[in-house]
Amino acid sequence: MEMGIVVGRVTATRKDERLVGTKLLVTQPIGLDGVPLDSQPVITVDTVGAGIGEKVIFVKGSMASRAMQNKDAPVDAAIVGIIDSLE
Amino acid sequence: MEMGIVVGRVTATRKDERLVGTKLLVTQPIGLDGVPLDSQPVITVDTVGAGIGEKVIFVKGSMASRAMQNKDAPVDAAIVGIIDSLE
Amino acid sequence: MEMGIVVGRVTATRKDERLVGTKLLVTQPIGLDGVPLDSQPVITVDTVGAGIGEKVIFVKGSMASRAMQNKDAPVDAAIVGIIDSLE
Amino acid sequence: MEMGIVVGRVTATRKDERLVGTKLLVTQPIGLDGVPLDSQPVITVDTVGAGIGEKVIFVKGSMASRAMQNKDAPVDAAIVGIIDSLE
Amino acid sequence: MEMGIVVGRVTATRKDERLVGTKLLVTQPIGLDGVPLDSQPVITVDTVGAGIGEKVIFVKGSMASRAMQNKDAPVDAAIVGIIDSLE
C-alpha cells in the first residue's frame with residue numbers, strides 16, 4: 001500500500017455503471033515526512049469515509065476491488081485506511 | 001485510476017480477435033492542473049464514448065478487462081469515466 | 001496497453017516448458033511521435049506475427065497470458081496488435 | 001520481490017475491517033548495498049515478525065494477499081522474509 | 001518479461017513457509033546492450049537453474065507464481081529462462 005493525502009474530488013457523470021455512487025478522491029502520494037511526492041496523483045475510491053486533507057493508506061491494482069461493495073467494479077485504487085500516526 | 005486526456009486513436013488491422021470492434025484511444029496522463037505529464041502515453045480501450053480532447057478516468061491492469069463487454073479480452077487499460085470537474 | 005517498436009529477438013534454450021515454441025521479441029516503448037522512449041525494453045511474446053521494426057501494441061501484466069494459446073504460461077507481456085496508423 | 005528496510009509503523013483506527021489486527025510497517029526499498037533508495041516508501045503488512053531496522057523481502061501486487069491469514073484482505077504489499085545475508 | 005543479470009543470492013531463515021526451499025536470486029535489469037540499468041534490483045525465484053552472472057528472462061507480478069511448483073506461494077518475480085543470445 002502507499003501513503004497519500006487527499007487533495008481533491010473528481011466528478012464524472014458519464015462513467016461505468018458500477019462506479020455510480022462511488023466517491024472518487026484524488027490522492028497524492030506522500031513520503032515518510034508527510035510531504036507530497038513529485039509523482040502522479042491517483043484517483044482512488046474512498047471506502048472508509050476519507051475527506052480532503054486527510055492522510056490515508058491506499059491499495060493499488062486488482063486488490064483494490066476487494067475493498068468495494070460491488071466486487072465486480074473496474075477499479076485499481078482504493079483508500080482502505082486513515083492514518084492516525086506514523087512512528 | 002489515473003486522469004488523462006485523449007490525444008489520439010490507434011488503428012490496428014492485425015490484432016487479437018477479441019480486440020476487433022474496440023476503440024483504442026491514446027491517453028496521456030495529466031496532473032491535478034490538467035496539464036499533460038511527461039510520462040508514457042497509454043493505449044486505452046474506450047468503454048464510455050470518449051473523444052479526442054476529453055479528460056478521462058482510466059483504469060489499468062487486470063481490472064481494466066472488467067470494463068469490457070468481452071470479459072476475456074487481453075487488455076490492461078480502459079477508460080471508465082469522463083471527468084466533469086475536479087474540485 | 002503500450003506502443004512499442006520491435007527491436008530484437010531473444011533466444012533461450014533453457015526456459016519454462018510452457019514457453020517452448022513462443023517467439024520472444026524485445027520491444028522498446030515508443031511515444032506519440034513513434035520515437036523510442038528512454039525506458040526499459042520489454043520481452044514480449046508475439047501473438048500476431050510481428051517482425052523486427054514493426055510498431056506494435058502490447059499488453060502487460062496478467063492479462064498478457066490471455067493472449068497465449070497456453071493460458072497457463074508464465075508471461076507478463078504480449079504483443080496483441082500491429083499499429084497501422086496513429087491519428 | 002524487493003529488498004527493503006523497515007523504517008516505521010503506521011497506525012490507522014479507521015480502516016477496512018479485514019485490516020484489523022494487521023501490523024502495517026513502512027518499508028523503504030534498498031539497493032544491493034543495503035542503502036535506502038530514493039523511491040517511494042511502501043506500506044507493507046508484516047507476516048513474519050519483522051521489526052524496525054530489519055532488512056526484509058517484500059512482495060507486491062495481488063500475490064501479497066496470499067501471505068495474509070485473511071486471504072480476502074485488500075492488501076498489495078507484504079513482508080514475506082527477513083534477510084540474513086546477501087552474497 | 002524483462003532481461004536481467006543475476007548478481008547475488010539472498011538468504012532468509014525466517015520467511016513464509018511456502019518459500020522454504022526456493023532459491024532467491026537478486027537480478028539486476030539490463031538493457032539491450034546487456035549493461036545493467038540504473039533501476040531497482042529484483043528478488044527473483046529461480047525456476048530454471050540460473051547462476052550468478054547469467055543473463056536471464058524474468059516475469060513479474062501474479063504470473064510469476066505460475067512458474068512455481070507451489071502455485072500458492074506469495075511470489076511476484078521469477079526467472080523463467082536463460083538468455084542464449086539477443087539478435
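Residues numbered from 1 in each chain as written. Chains lettered and ligands numbered in written order. Predicted model: local features only at pLDDT ≥ 70, side-chain atom pairs only at ≥ 80, totals over all residues. Heavy atoms only, no water.

(A) Quick look at the relation of the copies chain A and chain B. In the superposition of chain A on chain B (RMSD 0.0 Å, axial shift 0.0 Å), the rotation amounts to 72°. Classification of the inter-copy transformation places it as that of a five-fold axis. Of all interface residues in chain A, a mere 7% are interface residues in chain B too; the two copies therefore contact each other through different surfaces. (Least-squares fit on C-alpha atoms with pLDDT ≥ 70 in both. Contact = heavy atoms within 4.5 Å.)

(B) Representation of the environment of I83 of chain B in the model. As for its placement among the helices and strands, I83 of chain B is situated in the loop between β5 (77-82) and β6 (85-86). Between the C-alpha atoms of I83 of chain B and I57 of chain B, which are 26 residues apart in sequence, the distance is 6.6 Å. The contacts of I83 of chain B, once residues within four sequence positions are left out, are V10, T11 and A12 of chain A together with M3, K55, V56 and I57 of chain B. (Helix = DSSP H or I, 4+ residues; strand = E, 2+ residues; numbered from the N terminus.)

(C) Quick peek at the side chain of S65 of chain E. Within the secondary structure layout, S65 of chain E lies in the loop between β4 (55-60) and β5 (77-82). Residues in contact with S65 of chain E, not counting those within four places in the same chain, are M63 and R66 of chain D together with K71, A73 and V75 of chain E.

(D) Quick look at the environment of G49 of chain C. Examined against the element boundaries, G49 of chain C turns out to sit in the loop between β3 (42-46) and β4 (55-60). Each C-alpha atom of the pair G49 of chain C and I82 of chain C lies 8.6 Å from the other, and the pair is 33 residues apart in sequence. Not counting chain neighbours up to four residues away, the residues in contact with G49 of chain C comprise R14 of chain B together with K23, E54 and I82 of chain C.

(E) Representation of the interface of chain A and chain B. Between chain A and chain B, the contact holds 30 residues from the first and 27 residues from the second. Counting each side, the surface lost to burial between chain A and chain B is near 2200 Å², with a carbon and sulfur contribution of 54%. Close ionic contact of R14 of chain A with E54 of chain B constitutes a salt bridge, the shortest N to O distance being 3.2 Å. Viewed at the interface, chain B and chain A are joined by 16 residue pairs in polar contact (both at pLDDT 80 or more). At the level of elements, β1 (2-11), β2 (24-29) and β3 (42-46) of chain A are the ones that each hand at least two residues to the side of chain A that touches chain B. Here the side of chain A that touches chain B takes five residues from β1 of chain A, the largest share from any one element. Looking at the side of chain A that touches chain B, its residues break down into 14 nonpolar, eight polar and eight charged. Where β1 of chain A meets β6 of chain B, two bridges bridge the pair, whose relative direction is antiparallel. Bridged to T11 of chain A within β6 of chain B is S85 of chain B. (Buried area = accessible area lost by both parts, 1.4 Å probe. Salt bridge = Lys/Arg side-chain N within 4 Å of Asp/Glu carboxyl O. Polar contact = N/O pair within 3.5 Å; in protein donor to acceptor, adjacent residues only side chain to side chain. Nonpolar A, V, L, I, M, F, W, Y, C, P; charged D, E, K, R; others polar. Pairing = 2+ DSSP bridges.)

(F) Quick peek at the pattern of salt bridges. Tallied over the entire structure, the rule returns 25 salt bridges over all chains. For D46 of chain C, the salt bridge goes to K23 of chain C, with nearest N and O atoms at 3.0 Å. Here K23 of chain C lies in the loop between β1 (2-11) and β2 (24-29) and D46 of chain C lies in strand β3, a separation of 23 residues in the sequence. The exposure class of K23 of chain C is partly exposed, given its relative accessible area of 23%. Taken together, the shared-partner salt bridges connect D16, R18 and D72 of chain A into one network. (Buried < 20%, exposed > 50% of the residue type's maximum accessible area, 1.4 Å probe, protein only.)

(G) Up close: the arrangement of the chains. Regarding chain B and chain D, which are not in contact, the minimum distance between any of their C-alpha atoms is 10 Å. You won't find any contact between chain A and chain E; their C-alpha atoms come no closer than 10 Å.

(H) Fine view of the relation of the copies chain E and chain C. Least-squares fitting of chain E to chain C yields an RMSD of 0.0 Å, with the transformation described by 0.0 Å of translation along the axis and a rotation of 72°. Looking at the interface residues of chain E, only 7% of them are also at the interface in chain C, so each copy uses its own face.

(I) Structural detail: the interface of chain E and chain C. On the chain C side, the residues contacting the 27 residues of chain E number 30 residues. Of the roughly 2200 Å² buried at the junction of chain E and chain C (both faces included), carbon and sulfur atoms supply 54%. Counting the surface chain E buries against chain C, the share from its top three residues, M1, M63 and R66 of chain E, is 31%. At the surface where chain E touches chain C, the tally comes to one salt bridge. Where chain E packs against chain C, one counts 16 residue pairs in polar contact (both at pLDDT 80 or more). Going through the elements one at a time, β1 (2-11), β4, β5 and β6 (85-86) of chain E are the ones with two or more residues in the side of chain E that touches chain C. The class makeup of the residues in the side of chain E that touches chain C is 14 nonpolar, six polar and seven charged.

(J) View of the environment of I82 of chain D. Structurally, I82 of chain D is set in strand β5 (residues 77-82). Given the relative accessible area of 5%, I82 of chain D is considered buried. Note: C-alpha distance between I82 of chain D and R14 of chain D (68 residues apart in sequence) is 29 Å. The residues contacting I82 of chain D, other than those within four sequence positions of it, are V48, G49, A50, E54, K55 and V56 of chain D together with T11, A12, T13 and R14 of chain E.

(K) View of the pairing of strand β2 (residues 24-29) of chain D. All names here are of chain D. The buried count for β2 comes to six of six residues, which makes it a mostly enclosed element. Residue alternation in β2 divides its side chains into two sets, L24, V26 and Q28 and L25, T27 and P29, and both sets are buried. Pairing of strand β1 (residues 2-11) with β2 involves five bridges; the strand directions are antiparallel. When the sheet's bridge partners are listed, G8 is paired in β2 with V26. As defined by bridge partners, β2 adjoins strand β3 (residues 42-46) across four bridges and the pair is classed as antiparallel. By the bridge assignment, V26 is partnered in β3 with I43.

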